[in-house]
Amino acid sequence: MLNRMEMIRIFCSAADCSNFREAATRLGVSPQAVTRAIKALEEELGEILFHRNTRQVHITAFGEAYALRARQMLEDFDALFRGHRAETESVIAGRIGITAPQAIGKRFLVAFLQPLLKQHPQLVLNLRLEDEITDAVEAQIDIGIRVGFLRDSRYVARALAPVPLQVVATPQLIAASGAPRDLDELQQRPLSVLIDRKNGRPWPWTFAHGPSLHPPAPALVCDDPEAELEAVLAGLAYGQLPAYLAQPYLENGRLQAVLTEQAPDPWQLFIYRPQQGPVPPRVRLVFDHLRACFSNPAQFPQG
């Protein structure tokens, strides 16, 4: 069953052509579809739009007058969409919902977004900094940043950068007890443990070729990666930290890495967006901008 707008479009095309077959070719439909649409519109209006026989089709006087009004209506209707597209392409404005882990959000995300906000002051950012996966529908998320794996096939995801894990400590702490040469010696050192906020369990320390370590008597237990970093910088414990937190301090000498040959395979940093229909220009702009920033080793440490 055709809706009224479709019937009007078919009628206007038929009014511009010499016969229904020509109109059907122009529209990419069958001649029978044109005939059915014209007949349905005539029944809707209670007026004959075309005089027709087996050989000829002629528009009626009523049809000509109706075609003038119909063409103007279609032009006005189409202009609504052209105007909106032109406006959205020239002015980037509106809400952008973004989620990211807390440490990445605070240390990188806000700084990366500052140039866009200056260039497009009508953008409104809604940031959800959470270490667990955020419900994209409930929180109205347009773009997400995550470390690890994305199991939702509905998401459009792109890998951004490797995230190496490194066992680090201050030079003073290492000098006090000597650098550990293996995992057995590492367990004799003061170690930190990071708690998974979602389930309350400690994250294990992981290493190459599969072995993992659960510190039996940790010197520090916390549920915040940045707090763990501050404790490690204070010389309270060794920590296994992601490169994006540890790298600046490895470069300035405040931290040193140990057991580098046993480092596990890097995790991956991903950017994603829920695949829910067309992508507005503002979302595509921010998505592409963040993708470029996080992929750049000069802006996001990658070990």
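Residues numbered from 1 in each chain as written. Predicted model: local features only at pLDDT ≥ 70, side-chain atom pairs only at ≥ 80, totals over all residues. Heavy atoms only, no water.

- By the naming in an unreviewed UniProt entry, the chain goes by DNA-binding transcriptional regulator, LysR family and is assigned to Pseudomonas sihuiensis.
- Check the Sequence similarities (unreviewed entry) section of the UniProt entry for the chain; it says "Belongs to the LysR transcriptional regulatory family." (UniProt positions renumbered as here; feature names shortened; annotations may be inferred.)

1. Some thoughts on the overall build of the chain
- When its secondary structure is counted, the chain shows ten helices and 14 strands.
- Going through the 303 residues of the chain one by one, you find that 41% of them count as buried.
- A separation threshold of at least 6 residues defines the contact pool for the chain, and within that pool the share at least 24 residues apart is 72%.
- Carbon and sulfur atoms provide 52% of the accessible area of the chain, an area that totals close to 17,000 Å². (Helix = DSSP H or I, 4+ residues; strand = E, 2+ residues; numbered from the N terminus. Buried < 20%, exposed > 50% of the residue type's maximum accessible area, 1.4 Å probe, protein only. Contact = heavy atoms within 4.5 Å. Areas by Shrake-Rupley, 256 points an atom, 1.4 Å probe, with all protein chains shown as cover.)

2. Brief notes about the sheet that holds strand 7 (residues 165-169)
- Read from one edge to the other, the open sheet built from three strands follows the order 12-7-13, with strand pairing classed as antiparallel. Taken across any chain shown, the strands that pair with only one partner, and hence form the sheet edges, are strand 12 (239-242) and strand 13 (256-258). Across this sheet, the average inter-strand angle for adjacent strands is 55 degrees, counted without regard to direction.
- Relative to strand 13, strand 7 is paired through three bridges, and the arrangement is antiparallel. Bridge assignment links Ala-169 to a residue of strand 13, and that residue is Gln-256.
- Sitting on the sheet, helix 8 (residues 225-233) touches strand 7 and strand 12, and the angle it makes with strand 12 is about 125 degrees. (Pairing = 2+ DSSP bridges. Axes fitted to C-alpha atoms, helices over the stretch in contact; angles between N-to-C directions.)

3. Some remarks on the side chain of Arg-273
- Along the chain, Arg-273 turns up in strand 14 (residues 267-274).
- Despite its burial, Arg-273 remains without a salt bridge, the nearest opposite charge being carried by Asp-288 at 5.9 Å.
- Ignoring anything within four residues of it in the chain, the contact list for Arg-273 reads Asp-142, Tyr-155, Val-156, Val-279, Arg-284 and Phe-287. (Lys, Arg positive; Asp, Glu negative; His and termini not counted. Salt bridge = Lys/Arg side-chain N within 4 Å of Asp/Glu carboxyl O.)

4. Some words on the packing of aromatic side chains
- Considering all chains together, one arrives at eleven aromatic pairs under this definition.
- Taking the centre distance of 5.9 Å and the plane angle of 15 degrees together, the rings of Phe-62 and Tyr-66 count as stacked. With Phe-62 and Tyr-66 both in helix 4 (residues 61-90) and four residues apart, this pair spans about one turn of that helix.
- Pairing Phe-294 with Phe-300 gives two aromatic rings, centres 5.3 Å apart and planes at 70 degrees, and the pair type is edge-to-face. (Phe/Tyr/Trp six-rings, centres within 6.5 Å; stacked < 30°, edge-to-face > 60°.)

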